[in-house]
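Observations on chain architecture
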Amino acid sequence: MIIKNVNLETVCGITSRLPENELPEIAFAGKSNVGKSSLINGLLNRKSLARTSAQPGKTQTINFYNVNQAMYLVDLPGYGYAKVTQEIREKWGKLIERYLHGSKQLKAVFLLIDIRHEPSENDKRMYEWIVWNGYDPIIIATKLDKIKRSQIQKQLKLIRTGLNVKPGTQILPFSAETKQGRDEIWALIDTLITP
Ligand code: GDP
């Protein structure tokens, strides 16, 4: 995909009405700090369009990036913040569920996992929860540049078994530093949004 123009078109909080878009949507989920903003910025060739993490009290929203007036990249709120109350966590959950159930244009959900670590309990829960809500997540293993080349296959296997993914699930490694994996992710997105 050649990025001609990008625009953060809609930002939805827990009380917002979600947009009824006409264009295909691709969503990204992952725990905070996994590299979701960096991935979205990398896919869109921007340095800091998507919010970067580790800002305490950062608002949790679903952000819709219109790409080339052709599709949306949808940034779902990160999970796993230690400092957040159960009540707020439940509200985010409801917001994401509302989106997963309500969107008529959502073609796929990508779940981001740090390639260095075995999936956490939160990651496993998120994977199962997305499946429960009707989507088979595609996995992006982030921060590829942080491990040795010789470790890649072993780590990908750890993610596959740790999440107990469905057979045939794709796991794509990506580095926001080197942009390795970017073309493969776009190639996959292109097939997912092509009618
Ligand atoms: P988010 O909370 O999921 O949006 O995570 P961010 O994109 O803000 O990234 C969290 C931290 O990890 C930041 O310090 C990033 O610079 C770093 N980071 C993200 N992706 C990569 C990557 O592919 N390689 C390296 N080396 N660092 C990364």
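Residues numbered from 1 in each chain as written. Predicted model: local features only at pLDDT ≥ 70, side-chain atom pairs only at ≥ 80, totals over all residues.

Cut-off, in case you're wondering: UniProt positions are given in the numbering used here, feature names are shortened, and annotations may be inferred rather than shown by experiment.
Going by what an unreviewed UniProt entry lists, the chain is known as Probable GTP-binding protein EngB and is assigned to Anaerosacchariphilus hominis. Quoted verbatim from the Sequence similarities (unreviewed entry) field of the UniProt record, the comment on the chain reads "Belongs to the TRAFAC class TrmE-Era-EngA-EngB-Septin-like GTPase superfamily. EngB GTPase family." Regarding the chain, the UniProt comment filed under Function (unreviewed entry) reads as follows: "Necessary for normal cell division and for the maintenance of normal septation."

1. Section: the nonpolar core
Note the threshold: In plain words, the nonpolar core is the set of buried Ala, Val, Leu, Ile, Met, Phe, Trp, Tyr and Cys residues that C-beta atoms within 7 Å link up. Whether a residue is buried, exposed or partly exposed is read from the other C-beta atoms within 10 Å of its own C-beta, which are placed from the backbone; 20 or more gives buried, 12 or fewer gives exposed, and intermediate counts give partly exposed. Strands here mean DSSP runs of E at least two residues long; helices mean DSSP runs of H or I at least four residues long; both are numbered from the N terminus.
In this structure, Phe28, Leu73, Val74 and Leu111 are the most contacted members of the largest nonpolar core, which totals 43 residues. The biggest single contributor to this core is strand β5 (residues 106–114), with 5 residues.

2. Focus on the confidence of the model for the chain
Put simply, the rule is: Each residue carries a pLDDT value, the predictor's own confidence for that position, ranging from 0 to 100.
With 94% of its residues at a pLDDT of 70 or more, the chain shows a mean pLDDT of 92. ipTM for the predicted complex: 0.99, alongside a pTM of 0.95.

3. What about unusual backbone geometry?
Unusually for a residue other than glycine, Asn68 sits at a positive phi of about 55°. Take Asn68: there are 13 C-beta atoms within 10 Å of it, and that puts it in the partly exposed class. A positive phi angle, close to 55°, is found at Gln69, a residue other than glycine. Within the fold, Gln69 resides in the loop between β3 (62–67) and β4 (71–75). Under the C-beta neighbour-count criterion, Gln69 is labelled exposed, with 10 such atoms within 10 Å.

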